[in-house]
Each structure stands twice: as C-alpha cells, then as structure tokens.
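Architecture at a glance
Chain residues, written in single-letter form:
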Amino acid sequence: MTYTLTRVEDALAAENDRYPLGERQRVEDPMQQQVHRSVFTGKLEEVLNSTVNWGRKNSLWPYNFGLSCCYVEMTTAFTSPHDIARFGAEVIRASPRQADFMVIAGTCFVKMAPVIQQLYDQMLEPKWVISMGSCANSGGMYDIYSVVQGVDKFLPVDVYVPGCPPRPEAFLQGLQLLQDSIQEERRPLSWVVGDQGVYRAEMPSQREKHRDRRIQVTELRTPDSI
Amino acid sequence: MLFDLSAIDERLRSHRHGLPEADFTVFYHLLSVSGNRDIMLKVALSERDLSLPTVISVYRNANWYEREAWDMFGIRFEGHPNLFRILMPSTWQGHPLRKDHHARATEFDPYTLTVEGQHREQEALQFKPEDWGMQRQSADADFMFLNLGPNHPSAHGAFRIVLQLDGEEIVDCVPDIGYHHRGAEKMAERQSWHSFIPYTDRIDYVGGVMNNLPYVLAVEKLAGIEVTGRIQTVRVMMCELFRITSHLLFLGTYLQDLGAMSPVFYTFTDRQKGYDVIEAITGFRMHPAWFRIGGLMQDLPKGWDTLMQRFVDWMPARLREYERVMMENSLVRDRTKHIAAFDTANALAWGVTGPNLRATGCDFDLRKQRPYSGYENFDFEIPLAQNGDAFDRGQLRIDEMRQSLRILQQCINNMPAGDYKADHPLTTPPPRERMLEHIETLITHFLQVSWGPVLPGNESLQMIEATKGINSYYLTSDGSTMSYRTRIRTPSFPHLQQIPELMRGGFVPDLIAHLGSIDFVMADVDR
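So, here's what we can say about the structure. (Residues numbered from 1 in each chain as written. Chains lettered and ligands numbered in written order. Predicted model: local features only at pLDDT ≥ 70, side-chain atom pairs only at ≥ 80, totals over all residues. Heavy atoms only, no water.)

This model, assessed by the stated rule, comprises 19 aromatic pairs over all chains. When the centroid spacing of 6.3 Å and the interplanar angle of 55 degrees are considered together, the rings of Tyr-145 of chain A and Trp-92 of chain B count as tilted. Taken together, the residues Tyr-145 of chain A in the loop between helix H5 (134-138) and strand S6 (159-161) and Trp-92 of chain B in the loop between strand S5 (76-78) and helix H2 (115-125) connect one chain to another. Across the pair, exposure class does not vary: Tyr-145 of chain A and Trp-92 of chain B are buried alike. Judged by centre distance (4.9 Å) and plane angle (85 degrees), the rings of Phe-27 of chain B and Tyr-474 of chain B are edge-to-face. Residue Phe-27 of chain B is found in strand S2 (residues 24-32), and its partner Tyr-474 of chain B is found in strand S12 (residues 470-477); the two are separated by 447 residues along the sequence. The same class applies to Phe-27 of chain B as to Tyr-474 of chain B, namely buried. In textbook terms, an aromatic cluster arises when at least three aromatic residues are bridged by ring pairs, as seen for Tyr-142 of chain A together with Phe-196, Tyr-199, Tyr-215 and Tyr-473 of chain B. A cation over a ring is seen here: Arg-397 of chain B above Phe-250 of chain B, with NZ or CZ 4.5 Å from the ring centre. A cation over an aromatic ring shows up here: Arg-489 of chain B above the ring of Phe-3 of chain B, its NZ or CZ 4.3 Å from the ring centre. (Phe/Tyr/Trp six-rings, centres within 6.5 Å; stacked < 30°, edge-to-face > 60°. Helix = DSSP H or I, 4+ residues; strand = E, 2+ residues; numbered from the N terminus. Buried < 20%, exposed > 50% of the residue type's maximum accessible area, 1.4 Å probe, protein only. Lys NZ or Arg CZ within 6 Å of the ring centre and 35° of its normal.)

The structure is reproduced here in structure tokens:
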C-alpha cells in the first residue's frame, strides 16, 4: 500500500506559498521497513502470530456435521466420559458460517459430495478439515460404485484419523494434532499486514514418529481374560 | 403387510431348480401378522419387456420399494406416480445391481468434482414441487418450501426432507433418501460368505453384532449347521446388550431433539459402561463383527460375568431416573403426547415393525412369535403401548431395555457350557485342531480360509427382531464362495416412507419430535 506523506516541518509557511500548505509525496508503508529493521519488532511479529494461533487453536468450534458410523463416535467424544470441552472444542455450531472446522465423520457418498462441497464453501476462513475414519480417508472397506474414495478427492484435509470407526480417544488425538498444526500456521495478521497467503506447516508423520516405539512391543495381551 | 419387494438379476445364475425362464425376477414378500405366516410371490420378467403394473393401490408402501427396484435394476412399474431414482443421484447412469454394472469405484474413472460439475449437481438437487404434483400456492396462501437436510442436526445423518409450509403448518412433505447408499447388497456379491460379516455390522451401525445375527443364521440355514446352546446364548446376550446401547443412544438423541440438553450426557455415560463390557468380550466397540458362520470369533473371556453383572446392576436405577426426570416431565409430555400418532392398521399398511409397531398395541415381536437362536428359553415380556404416539415410542424403549436386562441376567445365571464353534465342515473359520492332522486337512483348511466356504445353491431367508424393527437377509446362493444376491430388508426404510402421511397438518416442531421418536439411522435406510 502506498501513502501520501506530509511532513510537519514542510508545513512552515513562506510568504508566497499557496494553500494547502506542505509538500506531499507518495511513499511505501513505513512500517514495512521499520518492522524488519529491528530485532525487537521482528520478534513482535512472531509473538503476535503465536498469540493469534494460540487463541485459534484453543477455541475451535466444530461444525455439527455427520455422515455415518464415525459420527456416533465423534458425538461420544463430545459427551461427558470423553469431554471435548477440555480442548475448547465443545461449541458445536449448526451453521457452517459460524464454525471453524468440519469433521468429515463417515463415508463420503457420490450423492453427498456436492452437498459437502457446498457446506465447506459456506464456512468462513480460517477453516480446517479433519477426515475421520477409513471411509473418509480413502473409501476404506467401501470400494463401491456409490462411494468417493476419500474426501481428499475434493476437499483439502488437515488431519486424517484412522480407524473404522476410530475410538473417541483417536478423534481427540486428531483434534490435538490439528491444534499443533494450527500453532505453526502463518496466516495474515490482518488484511493489510504482510503477505496475504496462508502458510500451512508440514507436520511430522505420526507413523514415522512412533514406529520405533511400536515395533518394540513383543508381548501382546491374550484375549482370554478381561 | 407388504414386508419386502425387490428383484434379482437372473441372467448369470446357474442353479435354478424348477424355476421358469427369466432374466429378472421381482419378488413380493407378504407377511401376515395375525396368521404369523409369509407368502413370497415371484414374477419372472424377460429382458425385452422389463415392466410390471404397480401395486401401490393395494400396498401403499410399495411406492419406495418399486422406485428402488427401478433405480437398482431398471424395472419399470407402470402407473407409478413418481418413478424417479431413490438411492442414486438423479444424474447417475446405469442400474447398479444389474450383473453387468461395475461394482468397484476403482473399476471406474476416479471421482472428480469440477466447478461446473458442482453447479450441475446442485441444479439437479434443486427441489421442483411440480415434479411431485405440488402447488406453489393455494387460493389464499403462497406456500413456502423448506429444505431440511441433507445435513440437519435433528435429521440424524444424511437425510433430507422438503416441507411444503403454510405458515408453520406442514401441508405436505417429501423425504429424499439415498445420501447414505453404501451399496452393501452389491458388495455381498463380491465378498466371500465369511468376509461379508463386517459389512453387516455397518447396516444399522448402532446395532453392532445384532446385524450379524440374521446374516449368519441365514448362512447357517443354507449350510445346514446346527450350533450349540452356548453359541446361541452368547449370541442372544450380545444382541441384547447392543439393543440396550442402541436404545440409550435413541433416548439421548430423542430427548435432545425435544430440546433437553442433558439426557444425552447421561445416556452416553451408560453407553460407555456398556461398551466397556462389549470391548472386554469382543475387543471392539461399535462394529465387532464377532459372530462367525457356525459359531463365534472366540469364547467368552474369563471374568466376563462380573463385568456384565456390574452393568446389569447399574442400569435399573438409571432407567428409573430417566423416566422420572424426562418421561414424567410435563414439557416432554406436551411435546410428544398425541403427536404423530398412528394406529395398528396404518402401521401395517406402511410396513412399520419393531417398537414403533408395538407402540400401537400390536403384539408382534419375532423373539416371541418366531423364536430364533434360543429366545424360546428365556423368560421375558414384550412391552406394549396403546396410543402409538411419539411419547409411547419413547417410553416403550425404556421398558424394552428393562426386559433386555432381564435376559442378560438370565444369561449370566445360566450360561451353558460347550464349544464356541459348531462341529460342521462348513464352520468358518474351521477349528484349528482339524487343520493339524495331515496334509489333506491342511489344504482343505487353507482353501476354506482363503477362498471361503462353498455353500450349496439354494435360497434362505432369516428375519430377526433388531433394535429398530424387523431386519431380514434373503440370500440366494449359486453354489459358490460368494452370494449371488443378498437382499437386506431394513426396518427404517418403511418408517421414513410413512412420514408424509403422519405429518400432513402438523407443525414443524412436531416433525422434529417425530423424527426423534422413529429411531432411525440412515445406513439402515439406504444400506
């Protein structure tokens, strides 16, 4: 953005100056250079970003959207035994316009896909998508004519939660992974400050992160007793 | 009552003992409640002339069944008022259950959604009242068309219903289903008899192993397997446990739809306690797929009875509390008493079964009328109500949970000893001891586990009293490792079809109360 700059010292009038007084010049946004010139304000941008992200990640409002079996487990995560309010995500919104994220909880059907797309488009930025369960991740066990083989064929997905259906705990873990990813995100702090693009952090693969620990398991509990 | 209506594509079938030449067969399954008998009528059709007169004038509920047969097989029903697609999108090409239609999504071009395609699909989803013979205005009012769904908090899933409103009064409504069609019937034609079991869990997805039961019973009929008393009793026990968790889910969401926020938190706490038992026994929460052809996946673990007893002791006080707080609450009573009420004759005309039928006072429960899996050995009652309204449907399910608890208590007290797998060559997977005898038994075992058992060419049908009503599997075997045709009759399908008749003249909040009281899940409608 360019500015018209009027300096105070130039406004001192000489006898033959015409009104309006002062010399005007067009300049670039002075903050632009100021911010990056000093170490302190460079840090300030960091602090601002993480403060905003902290706020965003701890008050995620889910969209009340369910397709099939996974929705029952998702609802279970909302009720007292699992209590999603611990993560600040208990404010279920019935309208996509008020929601922050959408959980594709269940199978994505060919007949339903245009509807899902419509609802996603109605959500306002910033918005995220969690794909919950095998069907939403990849079609799962339903490689069949009426099922889209994964919701990521048409929606950008932030977190995939595996399982058929995933346990409520798995959904809660997925939510926490989304929170971690939101913490690292870079979005414009306002519509005038900085680059207007959304920078999504590449988060580490959970499978690779936990592989070493998982393959160390050698003794599995027998199913013969409770 | 017209219990079921569908078709079979006969063109590739080789075992057709004494059946007339046919390319397609349409079957009508009629059930007499008073006589407790069935008749199945089959009509042979040739490929050149795939049409039949409609039977809507005799059985009103044939409407959706005939639309489904048109959608899935391309069979025309002459005189049908709106023979549109019901499960597939209106833009779909082909009839999926025909043998020449592809089954897998991956056999086909990968799914893409373009901006233009999105516009086209949205256009196709637009509701046009003229298609349904509806007027946009009357002499003194302009009607408003309210689109409720396919995603609405009180629609319990992907269900859409378009309301024609005069003020807040519902003049007429059109339910639109098919947003949850997972092609389970087509799936059965490519899975082995054994590997289809997990798909049955996901039909009525809150019913868990209850869905396995009609399927494995039907397969066992085909195979001629007799199971032991222990297997029967364990099956009954797990089914009743799932009936309780399903009814608890119903109760929570039903009351939430009426505006009561807290009950869902209480009932889900109880469900969690139920799942603790289910998980200890089966190792999974919602879809254990725990029943096997000729038995169970494994025996009961040590200590199951103390866990189950804890659950059985916990529930009665809770049920009493729900009654005291909610069903005796004047707000709940005002919202539900005499709302969406129907009588037995109406219920039977629409094919309504299960608790919704018994709420009208009709004593028809398959566990008593046609005992299966050893239900005749249990001492329990069938709760009934009189008015058939939204309140009775709620109260009846609380009473049913009490009876299920009685059955569970009897299972704990009298669990028979015995094997958890039937001694039969077609039991799948076969007992491991049989494999380790010599090379022949090893090969047989390998074939049976990898290809699955081969069942004789025949047909079998098994219906059970599931959580939501009568669920039946009608299997056609062509003497192979896979089913030739699997027809799944689900209770929720006719329950939704009945909605317009009940809601005409009602108000929008009555519709929400009614939707809550039906107890349906969309997978149980669209399969």
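This part covers the packing of helix H4 (residues 113-122) of chain A against H2 of chain B. Relative orientation of the contacting elements H4 of chain A and H2 of chain B amounts to 105 degrees, with a least axis distance of 9 Å. Of the possible angle classes, the one that applies to H4 of chain A and H2 of chain B is roughly perpendicular. Residues Pro-114, Val-115, Gln-117 and Gln-118 of chain A of H4 of chain A lie in contact with H2 of chain B, whose contacting residues are Gln-118, Glu-121, Gln-122 and Leu-125 of chain B. Here the residues of the contact of H4 of chain A with H2 of chain B sort into three nonpolar, four polar and one charged. (Axes fitted to C-alpha atoms, helices over the stretch in contact; angles between N-to-C directions. Parallel < 35°, antiparallel > 145°, perpendicular 65-115°, else oblique. Contact = heavy atoms within 4.5 Å. Nonpolar A, V, L, I, M, F, W, Y, C, P; charged D, E, K, R; others polar.)

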